[in-house]
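Next come the chains, spelled out residue by residue.
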Amino acid sequence: MARVILEGLRKTYPNGFKAIHGVDVTIEEGEFLVLVGPSGCGKSTLLRMIAGLESITEGQLRIGDRVVNNLEPSERDIAMVFQNYALYPHMSVYKNMAYGLKIMGLPKSEIEERVKKAAAILELTDEQLTRKPRQLSGGQRQRVAMGRAIVREPSVFLFDEPLSNLDAKLRVQMRLEIKSLQANLGITSIYVTHDQVEAMTLGQRLMVLNAGNVEQLGTPIELYQKPASLFVAGFIGSPAMNFAEAKIDETGENITISGQAALPLGNGGMPEYSNKNVILGVRPEHLELVADDPDAVPMTVAMVEQLGADTLVHGHFGESRSNLTVRLDGIRNVKSGEVLAIRVTPDHLHIFDPDSERRLEGN
Amino acid sequence: MLKNVHFGPSVLPFLLVLPQIVVTLVFFIWPASQALYQSVLIEDPFGLKTEFVWFKNFEELFQDPLYWSSFEITVVFSFLVAFLSMSFALLLALFADRVIKGTGVYRTLLIWPYAVAPVTAGALWVFMFNPTLGVVSYALSALGYDWNHQLSGSEAMALVVMASAWKQVAYNFLFFLAGLQSIPRSLIEAAAIDGAGPGRRTIDIILPLLSPTTFFLLVINIVYAFFETFGVIHAVTAGGPAGATNTLVYKVFNDGFVGLDLGGSAAQSVILMIIVIGLTVAQFKYIEKKVAY
């Protein structure tokens, strides 16, 4: 177990491409941090820099008490699980797990003890230990890859999209297993994914990356409730947040969408931003149908998706073209072309500056 | 209603495979059957009459100590050529895989020898090692070694092995490089995290994963050394000195076209044919099974 400290970490490739623009974070002992972002955002590069598979252009990386910038991957006291598992195809499962220990120079008896222990944790049978990786299913290979990481007893686990090669059902199962495994072993973990559901469920903290910049760092709930930027707001949550161009009125107490509906901001409004053009964000699950409410806005239904547990209604605000998605509980009888009265509570409004794309907060 | 009255639907496919059939018939089936036929004949020195002798040519061949020594020479020669060209090509491919700048130039230069005709390659090496004029033999004599492949059988063997291996390195290099590049990078990275240095990674991970390529190349190289080194040997040593580099394929030519023992020469080609069929069967049969990991 160790703390991992990233100080001003930057990566510039020889061709001048800047992949990482300075990342500062302290990952506490035993913490589970998830790096999340769309493909090409630099999350894998950052993980590989921590692993020692990519050089660090600038900044300092500490694992435990040591600065490890210039150490070989094997000297950093880490273990990594790869997206394609990277199991050695010509070695048995046992040998795959034992390979690193053999190189460490551990005695045979200890290697066997550690491999057996890891196999027990991961519920791999003795018979499976003798097989070659290609004779295993995707989920079993995933376990072996984790076993290979566990036997090293590292200070830090690194996961590079380990579940993306599995089918949806197995992914949910392995997600839970990884989470409980990490909680039981208490080893500091850094996990890269592009899947925001995986990120939300696994991480104690999430770091959202976009084009090599840290957009936001926080707990899953912080990111959900107070996304710091338009990017985070659109990335976290499914279905994605609704956005509309809006304007705060002179008093700063109300907000108008496309010059039509006016919504109260509540909580004393945002007088410092009066008359400002903004972008308003509302999550689909924070919109509700109301029968008779003076603050309700009209919504024209274009399409309905019935999911059983809930109903997704797609349409637009009144006569405007701003798209809007509403998530309603259970099965609702809504038809396209219908006009619904929609209400949102002021607590669930997210307001962003259209230029900086950062979140605006009232006092 | 798409029936073509003038051009029956069954003619076109035959036309399309015709060139291949003609090529096979003219350049393989006909000469091969001629060899088979000739191998059971003995012709008189003036070509006036031929006698059908069943397997007498083969009997004589197997009783001829020169034939067995040629067999031995071929085995040694093939092993040396395959080993030398493959190990050198593997080394170059391992280096090339790590080259970051100028990859294209480096690879192109390494592939060039393959474009050199065997006789030309042989001539190059003969010039370099010519006992009186060659640069290499001059350098060797400066070191106190008196090189003369025209007198020493083992030096002659070394020279044809080097010339033949040099020509084949390019081919092996291409296959090894392709094999190396098909190994997923993450495997190498996983081994690096497991603590294996470059040398250890090569032995534990890369070489085992290259084994299908290696086996394929082994068969190809043996076939090459058996049959395609005629030009090199002809230009460098002409089978000499005293038959020290008289491989089976060179002996076929020498006995048939120089010694004019057409029957015996045909019998030798039949044996070579059987060997190459055996090698090909081995390749097809085992390449998938034995070496897959």
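Every value quoted in this text rests on a predicted model; they were computed, and no experiment measured them.

For the rest of this paragraph, the subject is the environment of Asn184(A). Residue and element names in this part refer to chain A. Along the chain, asparagine 184 turns up in helix H6 (residues 168-185). On the basis of relative accessible area, asparagine 184 is assigned to the exposed category, the value being 66%. Asparagine 184 sits 154 residues away from glycine 30 along the chain, and the two C-alpha atoms are 10.0 Å apart.

We now examine the sheet that holds strand S6 (residues 78-81) of chain A. Residue and element names in this part refer to chain A. Taking strand neighbours across the sheet as the criterion, the 6 strands line up as S6-S7-S8-S3-S9-S10 in an open arrangement whose pairing is mixed. In this open sheet, the two strands that pair with only one neighbour each are S6 and strand S10 (213-218). Within this sheet the neighbouring strands show an average axis-to-axis angle of 15°, counted without direction. Helix H5 (residues 138-151) rests against S6 and strand S7 (156-160) of the sheet, and its axis sits at about 175° to S6. Along the sheet, H6 contacts strand S3 (32-36), S7 and strand S8 (188-193); its crossing angle with S8, the most-contacted strand, is approximately 160°.

The next thing to look at is the side chain of Ser265(B). In this structure, Ser265(B) sits in helix H12 (residues 262-289). Relative accessible area serves as the criterion here: at 7%, Ser265(B) is assigned to the buried category.

All names here are of chain A. In total, this model carries 27 aromatic pairs over all chains according to the counting rule given. Members of the aromatic cluster, joined through ring pairs, are Phe32, Phe157, Phe159 and Tyr191. Sitting over the face of the ring of tyrosine 13, lysine 11 holds its NZ or CZ atom 5.0 Å from the ring centroid. Sitting over the ring of tyrosine 88, arginine 148 keeps its end group 4.8 Å from the ring centre.

Residue and element names in this part refer to chain A. Here strand S11 (residues 242-248) shows a clear split, with Asn242, Ala244, Ala246 and Ile248 buried on one side and none of Phe243, Glu245 and Lys247 buried on the other. In this sheet, strand S14 (residues 277-282) lies alongside S11 in antiparallel orientation, the contact comprising 6 bridges. Residue pairing in the sheet places lysine 247 in a bridge with asparagine 277 of S14. With 3 bridges joining them, S11 and strand S12 (residues 254-257) adopt antiparallel strand pairing. Its bridge partner lying in S12, lysine 247 is registered against threonine 256. The loop that links S11 with its antiparallel partner S12 comprises 5 residues; one of these, glycine 252, has a positive phi angle of about 80°.

This part takes up the interface of chain B and chain A. Contacts between the two partners involve 17 residues from chain B, matched on the other side by 22 residues from chain A. Buried surface at the junction of chain B and chain A, both sides included, amounts to about 1,800 Å², of which 63% is carbon and sulfur. If you look at where chain B meets chain A, you find 2 salt bridges. Between Arg152(A) and Asp194(B) there is a salt bridge whose closest N-O contact spans 3.5 Å. On the surface where chain B and chain A come into contact, there are 8 residue pairs in polar contact (both at pLDDT 80 or more).

Taken as a whole, the largest pocket encloses approximately 940 Å³ of empty space. Along the walls of the largest pocket sit 29 residues, with Arg98(B), Arg185(B), Ile188(B), Glu189(B) and Arg201(B) positioned nearest its centre. Secondary-structure elements contributing two or more residues to the lining of the largest pocket are helix H3 (65-98), helix H7 (153-181), helix H8 (185-193) and helix H9 (198-228) of chain B. In terms of residue class, the lining of the largest pocket is built from 13 nonpolar, 7 polar and 9 charged. Taken as a whole, the second largest pocket holds about 390 Å³ of empty space. Considering the residues around the second largest pocket, the lining is formed by 20 residues, among which Asn267(A), Pro346(A), Asp347(A), Leu349(A) and Glu361(A) are closest to the centre. Within the residue set of the lining of the second largest pocket, elements represented by two or more residues are helix H8 (220-225), strand S20 (350-352) and strand S21 (359-360) of chain A.

Residue and element names in this part refer to chain A. Here the residue pair serine 238 and proline 239 is connected by a cis peptide bond, since its omega of -5° sits within 30 degrees of zero. Relative to the helices and strands, proline 239 is located in the loop between helix H9 (230-235) and S11. Even without glycine at this site, alanine 211 takes up a positive phi of about 50°. Relative to the helices and strands, alanine 211 is located in the loop between strand S9 (205-210) and S10. Residue classification places alanine 211 among the partly exposed positions, given a relative accessible area of 47%. For glutamate 357, which is not glycine, the phi dihedral falls at a positive 60°. Mapped onto the elements of the fold, glutamate 357 is located in the loop between S20 and S21.

Attention now goes to the sheet that holds strand S17 (residues 310-317) of chain A. Residues and elements named next belong to chain A. Read across the open sheet, the 5 strands follow the order S15-S19-S16-S17-S18; overall the sheet is antiparallel. Looking at strand neighbours, the two that pair on one side only are strand S15 (287-289) and strand S18 (323-329), the edges of this open sheet. Strand-to-strand twist in this sheet, taken as the mean axis angle between neighbours without regard to direction, amounts to 50°. The sheet contact formed by strand S16 (residues 297-306) and S17 spans 7 bridges and is antiparallel. Across the sheet, the residue bridging to methionine 303 is histidine 314, located in S17.

So, about the pattern of salt bridges. Enumeration according to the criterion identifies 21 salt bridges over all chains in this entry. Linking Glu127(A) and Arg131(A) is a salt bridge whose minimum nitrogen-to-oxygen distance equals 3.0 Å. On the accessibility criterion, Arg131(A) (24% relative accessible area) is partly exposed. Between Arg200(B) and Asp204(B) there is a salt bridge, with its nearest N and O atoms 3.0 Å apart. Taken together, the positions of Arg200(B) and Asp204(B), both in helix H9 and 4 residues apart, correspond to about one turn of that helix.

On to H8(B), then. Here H8(B) lies mainly inside the structure; 8 of its 9 residues are buried. For H8(B), the full list of buried residues reads Ser186(B), Leu187(B), Ile188(B), Glu189(B), Ala190(B), Ala191(B), Ala192(B) and Ile193(B). Contact partners of the buried residues in H8(B): helix H1 (43-51), S6, helix H2 (93-104) and H5 of chain A together with H9 of chain B. Positive phi appears at Gly195(B), one or two residues downstream of H8(B), with a value of about 100°.

A few words now on the packing of H5(A) against H6(A). All names here are of chain A. Taken N-terminus to C-terminus, the directions of H5 and H6 make an angle of 15°; their axes are 11 Å apart at the nearest point. As far as their axial angle goes, H6 and H5 are roughly parallel. For the element pair H5 and H6, the recorded crossing hand is right-handed. Between H5 and H6, the residues in contact are Gly139, Gln142, Arg143, Met146 and Ile150 and Leu170, Gln173, Met174, Glu177, Ile178, Leu181 and Leu185, respectively.

Packed helix pairs are specified by the crossing angle of their axes together with the interaxial distance, meaning the distance between the axes. All names here are of chain A. At a closest axis distance of 8 Å, the pairing of H2 and H5 adopts a crossing angle of 25°. Classified by the angle between their axes, H2 and H5 sit roughly parallel to one another. Crossing of H2 against H5: the hand is right-handed. Across from Val93, Asn96, Met97 and Leu101 in H2, the residues of H5 making contact are Val144, Gly147, Arg148 and Val151. The residue makeup of the contact of H2 with H5, split by class, is 5 nonpolar, 2 polar and 1 charged.

Reading the values: rules and limits
- In this convention, every chain numbers its residues from 1, walking through the sequence in written order.
- Whichever chain is written first is A, and whichever ligand is written first is 1; the rest continue in order.
- Side-chain atom pairs in this predicted model are given and counted only at pLDDT of 80 or more, local residue features only at pLDDT of at least 70, and totals for whole chains, interfaces and linings cover all residues.
- As a rule here, side-chain values come from all non-hydrogen atoms in the structure, and water together with hydrogens is ignored.
- In this description a helix means any DSSP run of H or I spanning at least four residues, a strand means any run of E spanning at least two, and both kinds are numbered starting from the N terminus.
- Categorising residues by exposure relies on relative accessible area from a 1.4 Å probe, with only protein chains included: less than 20% of the type maximum marks a residue as buried, more than 50% marks it as exposed, and the intermediate range marks it as partly exposed.
- Pairing between strands is defined by DSSP: at least two bridges between the two strands are required.
- Under this scheme, a helix contributes an axis fitted over its contacting stretch, all axes are lines through C-alpha atoms, and angles between N-to-C directions fall in the 0 to 180 degree range.
- We call two residues in contact when some of their heavy atoms are within 4.5 Å.
- Only rings of Phe, Tyr and Trp enter the pairing, Trp through its six-membered ring, and a pair is recorded when the two centres are within 6.5 Å. The plane angle decides the type: under 30 degrees is stacked, over 60 is edge-to-face, the rest tilted.
- By definition, being over a ring means that NZ of Lys or CZ of Arg is both within 6 Å of the ring centre and within 35 degrees of the ring normal.
- Put simply, buried area is the surface a 1.4 Å probe can reach on two separate parts but cannot reach once they are joined, added for both.
- For this analysis, a salt bridge means a side-chain nitrogen from Lys or Arg found within 4 Å of a carboxyl oxygen belonging to Asp or Glu.
- Within 3.5 Å is the distance limit for a polar contact, defined as a pair of N or O atoms, with the added protein rule that one can donate a hydrogen and the other accept it, and that residues adjacent in sequence qualify only through two side-chain atoms.
- Put simply, the grid is 1 Å and covers the protein atoms alone, a cavity is a trapped set of points that fit a 1.4 Å probe, a pocket is an open set with protein on both sides within 12 Å along at least five of seven lines, and lining residues have an atom within 4 Å of a point.
- Grid points are joined across faces, edges and corners, and a volume is the space filled by probe spheres set on the points.
- Basically, the charged four are Asp, Glu, Lys and Arg, the nonpolar ten are Ala, Val, Leu, Ile, Met, Phe, Trp, Tyr, Cys and Pro, and anything else, Gly included, counts as polar.
- Roughly parallel means an angle under 35 degrees; roughly antiparallel, over 145; roughly perpendicular, 65 to 115; everything else is oblique.
- Note on convention: the crossing is left-handed when the near helix lies turned anticlockwise from the far helix by less than a right angle, right-handed when the turn is clockwise.

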